[in-house]
Amino acid sequence: MKSITKREAWAGYLFASPWLLGFLVFMSYPLIASIYFSLCDYSVLKSPVWVGIDNYKMLMHDELFRTTLANTFLYAAIALPAGMATAIILAMLLNAKVKGMALYRTFFFIPSLVPQVSLAILWRWVLDGEHGVLNPVLAKIGIHGPNWLNDPLWAKPSLVLMAMWGVGNAMLIYLAGLQDVPTQLIEASELDGANGWQKTKHVTLPMISPVILFNGIMGIIGSLQVFTVPYIMFPGGAPVHSTYFYTEYLYDNAFRYHKMGYASAMGWIMFIVILVLTMLSLRMSEKHVHYQGS
Amino acid sequence: MDRSAFTIPCLALAVLGTLYASEQLTKSPPDDGKIHVKYWEKWTAFEFDAMKHVVDEFNKSQNKIRVDILSVSGIEDKTLMAVSGGIPPDVAGLYGPNVTQYADDHAVMQLDDMCREAGIKRDDYIAPYWDACVIRDHLYALPSTPATTALHYNRALFREVGLDPDKPPRTIDELNAMADKLTVIEKNGHVKRTGFMVTEPGWWNWAWGPFFGGKLWDGKGKITINSPENIKAFTWIQSFSKKYGASALSSFQNGFNNMFSSPQNPFMTGQTAMEIQGVWMYNFIQKFNPKLDWGAAPFPSASPDLQDPTVIDLDVLCIPKGAKHPKEAFEFLKFVESQKGLEMLCLGQKKITPLKKVSNGFIEHHPNPFIKLFIKLAYSKTAVSTPKLGIWSQYSDEINNAFSAVTLMTKTPKQALDDVANRMQPMLDKYMERLRVRGEQ
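Notes on the structure in this doc start here. Residue indices follow the written sequence of each chain, beginning from 1 at its first position. All chains are assigned letters beginning at A, and all ligands numbers beginning at 1, according to the order in which they are written. In view of the model being predicted, local features appear only for residues whose pLDDT reaches at least 70, and side-chain atom pairs are presented and counted only at 80 or more, with totals across whole chains, interfaces and linings using the full set of residues. With hydrogens and water set aside, each side-chain value is computed from the structure's full complement of heavy atoms.

A word on the packing of aromatic side chains. All names here are of chain A. Between 30 and 60 degrees the pair is tilted, below 30 it is stacked and above 60 it is edge-to-face, where a pair is any two Phe, Tyr or Trp rings, Trp via its six-membered ring, whose centres lie within 6.5 Å. Taken as a whole, this structure holds 40 aromatic pairs over all chains when the rule is applied. Aromatic pair Phe37 and Tyr42: ring centres 4.2 Å apart, planes at 25°, arrangement stacked. Considered together, Phe37 and Tyr42 belong to a single accessibility category, that of buried residues. With 5.9 Å between their ring centres and 85° between their planes, Trp123 and Trp165 make a pair best called edge-to-face. Here's how the labels work: a residue is buried when its accessible area is under 20% of the maximum for its type, exposed when over 50%, partly exposed in between, all with a 1.4 Å probe on protein chains only.

What follows is the structure in structure tokens.
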């Protein structure tokens, strides 16, 4: 390597060093330490005691672990596609050439700026079975609204509904992707006689498929780590653990039950689950994602 | 001129200015030659003010020590992290049920020797409050503000339905009958008012079993949550859902969930006529509905040998392990634990004092008209406390889940409690084994 290139490389590392240092201290050390802790009986306050794979064995027999895992998968299975579809549809609507569009875009993005805690409290007022805003509206169109927050059957769908409110970020990314779709392709399809749906299916969606893949993977990670809103709205996963999610159980084990070793094991299982799902998504995407440069 | 030539220096100046201002605002107080004792407390508002008053009095009396009190939310988690990080406060105001968990992890200091030297002894305290701080024969905390619970009832609603407001229910059967009279169900099945809500405020779901004579464990190594007495209590709990409808009741309660400290509290609004509450309820009634015509009485008993059931609830003061100034911290604890200190604090918070000796002034100046009842209840033989188990947080979560299943009628009381027992027994076995290995059992 030429000396000037070497010097530039060092300068690069030097400039990146605050981040690198932060990463090493605050991310990589806890990450590596948590592998060790997951193999220990560790309460945080006392020294870890090596127990081998006991924590992992216990997890396999822990009914609540299975319940929270199932709740989380079920939530992700509904919230992820619903959220992606909502974000894409909104992005397409907001991509139209209509007067005052900047205003509409702002309105639809604002909800995603609302802090999660405020969101939880706000939705409590909307979904309250007795005094909430939603059920009287449903009653006007002849639907008898359920007891959204206290019925084990409806508590999870309530959370999915709330998640729809925060699709602003994904919507913005789709919007950026949509604006990158070459107009000549749309025009060419129009000349070929394609209707609206055909244009969307054969031109727009394939052209934004890398964005869909990115949002999909981020969505998998986000929905499998759902925490704040259910933790505030449904303490203890009430009603009857129907909203008790994986990260909540992990948090309770770590900080309330002082079982950091057990919680670390849970963390690593979730890491593997997310890794496998991400790799599967990437593998499946090979046939369906089209990159403009390829 | 290039615009960035002006913008970038301005931005840099703004950042530097902010950093300087933040440094000025957060820098340590000037060295006053005193030892500063860091004290973290969970309270806010008037409860915090009461303790701040005690701290100020202590600081006034001192020329060597100064206590700096800080209100900290989620104190049990933050103290845990601070101890583990080696930067704990010198004094932590934890919740009573936290003590065992912290003692098990050796996260709080033993206070036996210091208390012995200072003459602080069990005989001076109402036994359950002192005992709650003793884990396996060692003292790990000292009581700060104790409480007992009683039945709170709305006298005006009693009169409205033809009940004598001077004769609150004394037995569970009487409670059921009066609750029926006071409950109002609309034609469409909606609950408009409940006579008694077993789910409100829902803070002591574990205590219903002990109120019926049940135990949560046998003190040796067996979980006994599914004992006949506990099942009987949970059957009673489910009887309300059977009578008025699980969905209707949960829907009704949903309207005021998390509304304890607000004018929407169902007891303040008259939506529920009777509920179990602690000595602090007076403060909230005064704040949100001072005109409420209410009364307090011992909670009705499930059988003649279980008269005056009450929950022993308390806040404690601990010295976390690794505290920089444990001696000075204990000096402060000594001040708080004096009759003067505790009465100042407990009167400020309008609670009872954990000491047996109570000055005339304390009762005379106490604004709660039922203070004598709450003090009397602290001596009740049917007073129940949380079990001293390091796995209690998890155990109480499991009981709460069973409670929820029973009130929503997704399980029978026996099923729900059997599930708790099956889940908790292996955890208790492991916990006991760990203590045995450490030689602490």
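All names here are of chain B. A pair is scored as a salt bridge if a Lys or Arg side-chain nitrogen falls within 4 Å of a carboxyl oxygen belonging to Asp or Glu. Inspection of every chain in the model, using the stated rule, returns 26 salt bridges over all chains. For Lys42, the salt bridge goes to Glu41, with nearest N and O atoms at 2.9 Å. Glu41 shares its class with Lys42; the two are buried. With its nearest N and O atoms 2.4 Å apart, the salt bridge here joins Asp104 to Arg136. Within this pair, whereas Asp104 is found in helix α4 (residues 98–104), its partner Arg136 is found in the loop between β4 (134–135) and β5 (138–139), the two being separated by 32 residues in sequence. The class for Asp104 is buried, based on a relative accessible area of 4%. Exposure remark for Arg136: the relative accessible area of 28% places this residue in the partly exposed category. Look at the salt bridges and you will find they share partners, linking Glu41, Lys42, Glu47, Asp315 and Lys351 into a network. Per the convention used, a helix needs a DSSP run of H or I reaching at least four residues, while a strand needs a run of E reaching at least two, with both numbered from the N terminus.

Time to look at the sheet that holds strand β3 (residues 91–95) of chain B. All names here are of chain B. Strands qualify as paired when DSSP identifies two bridges or more between them. Spatially, β2-β1-β3-β13-β6 is the arrangement adopted by the five strands of the open sheet, whose pairing is mixed. Among the strands making up the open sheet, the edge pair consists of β2 (65–71) and β6 (142–147). Across the sheet, the mean angle from the axis of one strand to that of its neighbour is 20°, orientation sign disregarded. Of the pairings in the sheet, the one linking β3 to strand β13 (residues 313–318) comprises four bridges and is antiparallel in character. Following the sheet pairing, Leu94 is matched in β13 by Val316. In the packing of helix α2 (residues 45–60) onto the sheet, contacts are made with β1 (35–41), β2 and β13, and the angle to β2 comes to roughly 170°. Axis definition: a line fitted to C-alpha atoms, over the contacting stretch in the case of helices. Angles run 0 to 180 degrees between N-to-C directions. Any two residues whose heavy atoms approach within 4.5 Å at even a single point are treated as in contact.

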